[in-house]
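Structural overview for review
What follows is each chain in one-letter form.
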Amino acid sequence: MAVEIPFRREFSFEYGRLEPVAPMIRRIVARNPSAFTFRGTGTYVVGHGEVAVIDPGPDLADHVEALLTGLAGEQVTHILITHTHRDHSPAARALQAATGAPTFGFGPHAGGNRGDPAVEEGGDWDFVPDRTVSDGDRIAGKRWVFEAVHTPGHTSNHLCFALPESGILFSGDHVMGWSTSVIAPPDGDMAAYMASLDKLLGRPDAVYWPTHGPAITEPQDHVRAFIAHRREREAGILECLRTDVERIDAIVERLYTGLQPGLRRAAGRSVHAHLIDLVGRGIVESGADAHYRVRRN
Ligand SMILES: [Zn+2]
């Protein structure tokens, strides 16, 4: 029986408006909707007066302008970046130019090369954080303290940012309510992603605010469903290999029924990520002509 993921897609907002969504938290959604970004990038503002901005968003002048209008009379003191996809970090440049605030992130975009064909939004190769942040680091403002949680998988430099006193986790693209995350090698890594899901299960965060879509108010159930979904997908791939469906495109054909054509490549990358993980664990081997098979000892 297929795993049911409790997706959350009811999402009310107005483009171009910085709106309060919880005590301490405001959000403005950029007008960059797509099959990978849902309605667009949600840029969060934490605090009042002296504020942190999480994921300034894509390089859209209107978005940055609307954010700055919403913050008139306030001061941006920190710019936090969950990861370096082009729908998350590029607007940091314009925001920094306007405010002088330093950027905080795990590090530059990694894995692959600048010219690689992009699945989803592609990498922001120009972003370099002013302050590099590691797992467990604390980032303090006057009225709030973030804890950085390194969650590689979607990208190797992905961070979630927790507000431990409020039970809030800004989960970036690691855990979203509206969709599963794209895990696209070489920078996307299935083994790391699964470990990063497990890592969240060991934490007490009560609400997740992802960069795309609405808050997740039963985060542990959600994370458990994602883990079960990936295990089910892995089992499906192994079943394909055992029945001589041995190439990525054929596996996608078999397992992803009713897939929108625009998402085929992302599905292929996801299957590839599973296969790399299975090869790494010694369960599968890759043979000639991009065929994979289950290892026989
Ligand atoms: Zn992303």
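Reference entry: report on the structure contained in this document. Keep in mind it's a predicted model, so treat the numbers as computed, not measured. (Residues numbered from 1 in each chain as written. Predicted model: local features only at pLDDT ≥ 70, side-chain atom pairs only at ≥ 80, totals over all residues. Heavy atoms only, no water.)

**Considering the overall build of the protein**
Within the protein, the regular secondary structure consists of six helices and 14 strands. Taking 2.2 N^0.38 as the reference for a compact globule, 297 residues should give roughly 19 Å; the C-alpha atoms of the protein span a radius of gyration of 19 Å, in line with that estimate. Seen along its three principal axes, the alpha-carbon backbone of the protein occupies a region of about 65 × 40 × 35 Å. A buried classification covers 53% of the 297 residues belonging to the protein. Considering only contacts within the protein whose residues lie at least 6 apart along the sequence, 62% involve residues at least 24 apart. Of the side chains in the protein, 30 bear a positive and 38 a negative charge, and the two mean positions are spaced by 2 Å. (Helix = DSSP H or I, 4+ residues; strand = E, 2+ residues; numbered from the N terminus. Rg over C-alpha atoms; globule rule 2.2 N^0.38 Å. Buried < 20%, exposed > 50% of the residue type's maximum accessible area, 1.4 Å probe, protein only. Contact = heavy atoms within 4.5 Å. Lys, Arg positive; Asp, Glu negative; His and termini not counted. Charge placed at Lys NZ, Arg CZ, Asp CG, Glu CD.)

**Thoughts on the coordination of the zinc ion**
All of the protein donors around the zinc ion are H83 (NE2), H85 (ND1), H154 (NE2) and D173 (OD); their distances to the metal are 2.1 to 2.3 Å. Coordination at the zinc ion is irregular, judged from the four donor atoms that bind it and the angles of 89 to 172° they form at the metal. Read in sequence order, the donor residues for the zinc ion give the motif H-x1-H-x68-H-x18-D. A residue pair is termed long-range when its members are at least 10 positions apart, and H85 in the loop between strand 5 (75–80) and helix 2 (92–99) and D173 in the loop between strand 11 (168–172) and helix 3 (190–201) qualify at 88 residues. Relative accessible area serves as the criterion here: at 8%, H85 is assigned to the buried category. (Donors = N, O, S within 2.8 Å, 3.2 Å for Na, K, Ca; no water. Tetrahedral: all angles 85-135°; square planar, octahedral: opposite > 155°, others 65-115°.)

**Structural notes on the sheet that holds strand 3 (residues 42–46)**
Across the sheet, which stays open at both edges, the seven strands sit in the order 1-2-3-4-5-6-7 with mixed pairing between neighbours. The open sheet has two free edges, formed respectively by strand 1 (19–22) and strand 7 (131–132), since each of these has just one partner strand. Where strand 2 (residues 25–29) and strand 3 come together, five bridges link them in antiparallel fashion. Looking at strand 3, one finds that R26 is bridged to V45. Helix 1 (residues 61–70) contacts strand 2, strand 3 and strand 4 (50–54) of the sheet and is inclined by roughly 150° relative to strand 2. Where helix 2 meets the sheet, it contacts strand 4, strand 5 and strand 6 (103–105), and its direction lies at approximately 150° from that of strand 5. (Pairing = 2+ DSSP bridges. Axes fitted to C-alpha atoms, helices over the stretch in contact; angles between N-to-C directions.)

**Looking at the packing of aromatic side chains**
What the rule picks out here adds up to nine aromatic pairs. Aromatic side chains F11 and F13 sit 4.9 Å apart centroid to centroid with 35° between the ring planes, which places their arrangement in the tilted category. Judged by relative accessible area, which is 23%, F13 ranks as partly exposed. When the centroid spacing of 6.0 Å and the interplanar angle of 75° are considered together, the rings of Y44 and W209 count as edge-to-face. One end of the pair, Y44, is in strand 3; the other, W209, is in strand 12 (residues 207–210), and 165 residues separate them in sequence. Judged by its relative accessible area of 1%, Y44 is buried. Judged by its relative accessible area of 10%, W209 is buried. Ring pairing ties together the aromatic residues Y44, W144, F146, F161, F170 and W209, which thus form one cluster. Here the basic side chain of R39 rests over the ring of F38, its NZ or CZ set 4.5 Å away from the ring centre. Stacked on the ring of Y256, the Lys or Arg R233 has its end atom at 4.0 Å from the ring centre. (Phe/Tyr/Trp six-rings, centres within 6.5 Å; stacked < 30°, edge-to-face > 60°. Lys NZ or Arg CZ within 6 Å of the ring centre and 35° of its normal.)

**As for the side chain of S181**
Along the chain, S181 falls in the loop between strand 11 and helix 3. At a separation of 2.5 Å, a polar atom in the side chain of S181 contacts the main-chain carbonyl oxygen of D173. The contacts of S181, once residues within four sequence positions are left out, are H154, D173, H174, V175, M176, Y193 and R230. (Polar contact = N/O pair within 3.5 Å; in protein donor to acceptor, adjacent residues only side chain to side chain.)

**Examining the packing of helix 3 against helix 4 (residues 219–242)**
Closest axis-to-axis distance for the helix 3/helix 4 pair is 9 Å, and the angle between their directions is 155°. One finds that helix 3 runs roughly antiparallel with respect to helix 4. Viewed along their axes, helix 3 and helix 4 form a crossing whose handedness is left-handed. Here helix 3 contributes M190, Y193, M194, L197, D198, L200 and L201 to the contact with helix 4, which in turn contributes Q220, V223, R224, F226, I227, R230 and R231. (Parallel < 35°, antiparallel > 145°, perpendicular 65-115°, else oblique. Left-handed = near helix turned anticlockwise from the far one by under 90°.)

**Remarks on the pattern of salt bridges**
For the structure shown, the criterion picks out 16 salt bridges. D249 is the partner of R247 in a salt bridge, and the nearest nitrogen-oxygen pair spans 3.7 Å. The partner of D277 in a salt bridge is R281, with the nearest N and O atoms 3.0 Å apart. The exposure class of D277 is buried, given its relative accessible area of 12%. Here the residues in one salt-bridge network are R8, E10 and E218, joined through shared partners. (Salt bridge = Lys/Arg side-chain N within 4 Å of Asp/Glu carboxyl O.)

**With respect to helix 3**
The end-to-end C-alpha separation of helix 3 is 17 Å, in line with the 16 Å expected for twelve residues at 1.5 Å each. All of the buried residues along helix 3 are M190, A192, Y193, M194, S196, L197 and L200. Capping the start of helix 3, D189 holds a side-chain oxygen 3.0 Å from the backbone nitrogen of A191, two or three residues further along. (Expected span 1.5 Å × (residues − 1).)

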